[in-house]
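Survey of secondary and tertiary structure
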Amino acid sequence: DIGTAMRGTTVTTRDTAAPRKLIYGKVRVGGNVVFIAHSGDDNKYLHLAVVFASHHITAYDEVWFNDNKIWTASSGFQDDWGTYVTMDTTKLGTSGQTASSVLTPISQWTSDHKLSGIAYIAFKLEWSPDKFPQGVPNITAVIRGKRVFDPRTNVTAYSANPALCVRDYLLDSTYGLGEINANIDSDA
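There is about 240 Å³ of room inside the second largest pocket. In terms of lining residues, the second largest pocket is bounded by 14 residues, among which Ala163, Arg167, Asp185, Ser186 and Ala188 are the most central. Counting residues per element, the lining of the second largest pocket draws most heavily on helix H3 (residues 162–171), which supplies 5 residues. Across the lining of the second largest pocket, the residue classes break down as 7 nonpolar, 2 polar and 5 charged.

In structure tokens form, the structure reads like this:
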């Protein structure tokens, strides 16, 4: 059943030992909540760090709460979601990224919490029974994944070309097969 097999790709989880995700092309995926905290009077605010990939990605294009698209890179927050949600979509998983300014005001998340090499979004949600009637939403994002090398142009950039993505996976020594370049038929 393909539906059962795909269910885990669009569900955000809280799992201390979740497998690392490798994202190629453009896809909507769920993340893994690695940090959660409350603040404000009566715990009015919920702070989350949701990891989407274990490597540097190209961009976040959309953010969804359940079946509602709340944000797009091209037009920002949809409807009035910006009133209830603050988020940091700049954490693309670079090795030198800094801690999110959305989370550092909380004492549990310091400037040392960089999550270097991890693509994540930091959220601050303001409680609203109208916006969050079932509690914490299932958070998913449309992501343009890993940048790949194109031997035809000698450029490393985002691509959804399946041949380039497979080539990258075969050569990646961290998350892929770690094959040597001489064993790859790049012309094919």
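Next comes the rest of the description.
Right, let's get into the pairing of strand E9 (residues 139–144). Successive residues of a regular strand alternate their side chains across the two faces of the sheet. Here E9 lies mainly inside the structure; 5 of its 6 residues are buried. Bridge count between strand E1 (residues 26–30) and E9: 5 bridges; the pairing is antiparallel. Following the sheet pairing, Arg28 is matched in E9 by Val142. Across 6 bridges, strand E4 (residues 59–65) lies against E9 in antiparallel orientation. Directly across from Trp64, in E9, lies its bridge partner Thr140.

Our next topic: the pairing of strand E8 (residues 119–126). Most of E8 sits out of view: 6 of its 8 residues are buried. In the sheet, strand E3 (residues 45–53) pairs with E8 via 8 bridges, with the strands oriented antiparallel. In the sheet register, Leu46 faces E8, and the bridge partner there is Leu125. Sheet analysis places strand E7 (residues 85–88) next to E8, joined by 4 bridges and oriented antiparallel. The partner of Val85 across the bridge, within E8, is Leu125.

With that settled, consider the packing of aromatic side chains. In total, this model carries 7 aromatic pairs according to the counting rule given. Residues Phe65 and Trp81 carry aromatic rings whose centres are separated by 5.5 Å and whose planes lie at 85° to one another, so their mutual orientation is edge-to-face. Here Phe65 is found in strand E4, whereas its partner Trp81 is found in helix H2 (residues 81–84), with 16 residues between them in sequence. We classify Phe65 as buried; its relative accessible area is 1%. Look at Trp81 and you get buried, because its relative accessible area is 6%. Judged by centre distance (5.8 Å) and plane angle (65°), the rings of Trp81 and Phe132 are edge-to-face. Taken as a pair, Trp81 in helix H2 and Phe132 in the loop between E8 and E9 lie far apart in primary sequence, 51 residues in all. One exposure class covers both Trp81 and Phe132, and it is buried. Here a set of aromatic residues connected by ring pairs shows up, and it is made of Phe65, Trp81, Phe123 and Phe132. Across from the ring centre of Trp64, 4.1 Å away, lies the NZ or CZ of Arg28, which sits over that ring. Across from the ring centre of Trp81, 4.4 Å away, lies the NZ or CZ of Lys131, which sits over that ring.

Turning to H3, its buried residues are Leu164, Cys165, Arg167 and Asp168. For H3, the angular spread of the buried residues around the axis is 160°, confining them to a single face. Opposite the buried face of H3, by more than 90 degrees, sit the exposed residues Pro162 and Ala163. Buried positions along H3 lie against strand E10 (147–150). The opening residue of H3 is Asn161, an N-cap whose side-chain oxygen sits 2.8 Å from the backbone nitrogen of Ala163.

Thresholds, definitions, all that
- Residues numbered from 1 in each chain as written.
- Predicted model: local features only at pLDDT ≥ 70, side-chain atom pairs only at ≥ 80, totals over all residues.
- Heavy atoms only, no water.
- 1 Å grid on protein atoms, 1.4 Å probe; cavity = no way out; pocket = protein on both sides within 12 Å on 5 of 7 lines; lining within 4 Å.
- Points joined across faces, edges and corners; volume = space filled by probe spheres on them.
- Helix = DSSP H or I, 4+ residues; strand = E, 2+ residues; numbered from the N terminus.
- Nonpolar A, V, L, I, M, F, W, Y, C, P; charged D, E, K, R; others polar.
- Buried < 20%, exposed > 50% of the residue type's maximum accessible area, 1.4 Å probe, protein only.
- Pairing = 2+ DSSP bridges.
- Phe/Tyr/Trp six-rings, centres within 6.5 Å; stacked < 30°, edge-to-face > 60°.
- Lys NZ or Arg CZ within 6 Å of the ring centre and 35° of its normal.
- Arc of directions from axis to C-beta.
- Contact = heavy atoms within 4.5 Å.
- Polar contact = N/O pair within 3.5 Å; in protein donor to acceptor, adjacent residues only side chain to side chain.

As far as function goes, none of this settles anything; it's purely spatial.
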